[in-house]
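A structural walkthrough
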Amino acid sequence: MRPPTTAPAPAATGGELTGTGDLLRLFLRLSRRQIAIWALAFLALVALSVVALEETYPDAAALQARAMLLESPAAVMMTGPAFALEDYTFGAMIANELSLWLLLPAAIMSVLLAVRHTRAEEESGRLELLRSLPVGRYAPAVAAMLTVALADVAVGAATTAGLVITGMPAADSLALGLATALTGLVFGAVAAVTAQVTEHARTASGLALGALAAAFLVRGVGDVIERTGSWLSWFSPLAWAQQTRVFVDLRWWPLALSAGTTLVLLLLAASLARRRDLGAGLRAARPGPAQASRALMAPAGLARRLVSGTFVAWAVAMFLFALAFGALASSLDDVIADIPAMGEWIELDLDDLTRSFAAVILSFLALCPAALAVSGVLRLRAEEREGRLEGVLASGSSRTGVLGRWALVVAVESALVQVLLGIGAGLGVSAGTGEVAWVGELTAASLAYLPAVLLLGGVAVALVGLAPRLASLAWVPVVWAALVVFLGELLGLPSWARDLSPLTHTPLVPGAALTAGPLAVMTVLALGLAAAGLLGLRRRDVGTA
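By convention here, each chain's residues receive numbers from 1 onward along its written sequence. At least 70 in pLDDT is required for a residue's local features to be given in this predicted model, at least 80 for side-chain atom pairs to be given and counted, and no such filter applies to totals for whole chains, interfaces and linings, which use all residues. By convention in this description, side-chain values take in all heavy atoms of the structure and omit both hydrogens and water.

Right, let's talk about the overall build of the chain for a bit. Helix numbers and strand numbers start at the N terminus; a helix is a DSSP run of H or I with at least 4 residues, a strand a run of E with at least 2. Check the secondary structure of the chain and you find 24 helices and zero strands. Exposure categories follow from relative accessible area, calculated using a 1.4 Å probe and restricted to protein chains: below 20% of the type maximum is buried, above 50% is exposed, and the middle band is partly exposed. Residues classed as buried in the chain amount to 49% of the 545 residues present. Contacts in the chain between residues at least 24 apart in sequence constitute 76% of all its contacts with a sequence separation of at least 6. We get accessible surface area from the Shrake-Rupley algorithm with a probe of 1.4 Å; when it comes to residues, only the shown protein chains can shield them. Carbon and sulfur atoms make up 66% of the accessible area of the chain, which totals about 24900 Å². Throughout, a contact is declared for two residues whenever any of their heavy atoms are within 4.5 Å.

This brings us to unusual backbone geometry. Between Val 509 and Pro 510 the backbone carries a cis peptide bond, its omega angle lying at 5°. Relative to the helices and strands, Pro 510 is located in the loop between α23 (495-498) and α24 (516-539). Not every positive phi belongs to a glycine, and Ala 84 is a case in point at roughly 55°. As for its position among the elements, Ala 84 is in the loop between α3 (73-78) and α4 (90-98). The residue Phe 247 is not glycine, and still its phi comes out positive at about 65°. As for its placement among the helices and strands, Phe 247 is situated in the loop between α11 (237-242) and α12 (254-273).

The subject of this paragraph is the nonpolar core. Side-chain atoms within 4.5 Å are what join buried Ala, Val, Leu, Ile, Met, Phe, Trp, Tyr and Cys residues into a set we call a nonpolar core. Judged by nonpolar contacts, the single largest core of 132 residues is most densely connected at Tyr 88, Phe 90, Ile 94, Leu 163, Phe 187, Leu 238 and Leu 503. Broken down by element, the residue count for this core peaks at twelve residues, all from helix α9 (residues 170-197). Beyond its immediate sequence surroundings of up to four residues, Phe 90 is in contact with Val 50, Leu 53, Glu 54, Leu 63 and Met 168. If you look at the next biggest cluster of nonpolar residues, it comprises nine residues, including Leu 23, Leu 24, Ala 139 and Ala 144.

Checked against the element boundaries, Ala 67 lands in helix α2 (residues 60-69). In this structure Ala 67 comes out as buried when scored by relative accessible area, which is 4%. Counting along the chain gives 29 residues from Ala 67 to Asn 96, while the straight-line C-alpha distance between them is 9.8 Å.

An α-helix turns once per 3.6 residues; consequently, residues spaced three or four apart project the same way. Multiplying 1.5 Å by the residue count of a helix minus one yields the expected span of that helix. Between its first and last C-alpha, helix α19 (residues 399-433) extends 51 Å over 35 residues, near the 51 Å set by a 1.5 Å rise per residue. A positive backbone phi angle near 80° is found at Gly 434, which sits one or two residues after α19.

The next thing to look at is the layout of surface pockets. Within this scheme a cavity is a closed region of a 1 Å grid, computed over the protein atoms alone, that accommodates a 1.4 Å probe without allowing it to escape, whereas a pocket is open but has protein on both sides within 12 Å along at least five of seven lines; lining residues each have an atom within 4 Å of a point. Grid points are joined across faces, edges and corners, and a volume is the space filled by probe spheres set on the points. Of the voids in this model, the second largest pocket is the one considered here, and its volume is about 540 Å³. Considering the residues around the second largest pocket, the lining is formed by 24 residues, among which Tyr 138, Ala 141, Val 142, Gln 196 and Ala 273 are closest to the centre. For the lining of the second largest pocket, the secondary-structure elements that each account for two or more residues are α6 (119-124), α7 (126-131), α8 (139-164), α9 and α12. The element best represented in the lining of the second largest pocket is α8, accounting for five residues. Residue classes in the lining of the second largest pocket are distributed as 15 nonpolar, three polar and six charged. Only Asp, Glu, Lys and Arg are considered charged in this grouping, and only Ala, Val, Leu, Ile, Met, Phe, Trp, Tyr, Cys and Pro are considered nonpolar; every other residue, Gly among them, is considered polar.

Turning our attention to the pattern of salt bridges. Salt bridges are counted wherever a side-chain nitrogen of Lys or Arg sits within 4 Å of a carboxyl oxygen of Asp or Glu. One pass over the full model with this rule turns up eleven salt bridges. Glu 384 is paired through a salt bridge with Arg 381; the nearest N and O atoms lie 3.2 Å apart. Of this pair, Glu 384 and Arg 381 both sit in helix α17 (residues 367-385), three residues apart, roughly one helical turn. A single salt-bridge network, built from bridges that share partners, covers Arg 119, Glu 122 and Arg 276.

See the structure below:
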């Protein structure tokens, strides 16, 4: 007889945080490019904005004239609390008007990263594979939030660096950088909570971004009630950062609210995670109908189902922005006389300020449908990467039919958003001037930007069809167009560089005469790019990475 053998002892699996360090390195490797791009974008945004504002408002008289704009509730809604209006310094302008536009992208970045490394990993099944290894229960979530925290530290440091290198006080610059990072962490923690509620990554992102929109609205209404911030403002995490009053009357204690809220939300997310199964959400997904409708079974119906929600959400938000922005058009007469350098920033006709400013508003707003067009087309590429496009093609749909109908749905919805923004701007200008005719005039003028919007969307279609691995480069023309629109004049970009943006070739109607030639050329180019994309998809393999 053989001597009895002893069964080997099971390998120790460690605690609930086992493997956190390895997962953190993995997540950082996966997101290193995105984090670097965000940080560099913050550095450039801050530094260029400070330099541009210094050139536009070179003296105390110009700054005091700028302060007059903050008398408008619409301006307060779009910027933040109005500190030190009686003695408006350059630092006060940075605190009042730039800080919000640092906090918002930091929050958006944090939401996207948090959902990507939590719910998206779970939905795809990769988290289940990771959990089959000696990995603690909370290790993936902790590694994900550490990734978000490091990303926020990077953008916070970039914000501080951008301010310091342009000569702003170091202590206040550090405070604004820390406020930016902590605000991002708050909404990253919000995303960690929403990731427990639903089993779908897009829904989790939507809920977290909805919370950001609510915070923006609460902060705006609160600051309108009292320009330095009312009791209502303190219900918004965005207000906590702005109430540090950097460059005016620096105080650090509001940041403790951001840090404390982040901790509470993370503990809540951990508690909720214990109450659900892996892959499930606390809120069970509603079962769909037993049979799909005929419209949904068609490629166009699927496209509408997958992209329309994003389009509607952004359309509503940007409509309100257009309404508030348009209301400022009638407030410029007294400001321009004291700030002649503003003409170097935006193209204004001093003989008809309201009309020319309304035209500039439309050029700014056109970036939204352009971005939505690119996002909508790239959603099809995401479906291809996940393997779902092959299922659509297996049902009998042709490749060109799927891409063509998808692009058509995106084009139609982008056009509807563009028209809606024209209506919003018209209503805003009408409210400021008392002239109802502005609604129809700006709605019609908004149509002039459709060729540029379609051209940018056409670039995305061409890349998806011809070079799917490079599809994300479709964002490059959109980012460049935004840079040209916002900073092209101030940065002194040469004409050839500005001409690379389709928006440059769109007449600034209604402030300028409408010329059909450039619009026709852009339309033909958009159609040509779309045709190239259709041909490319028909000839290549589907599902290529």
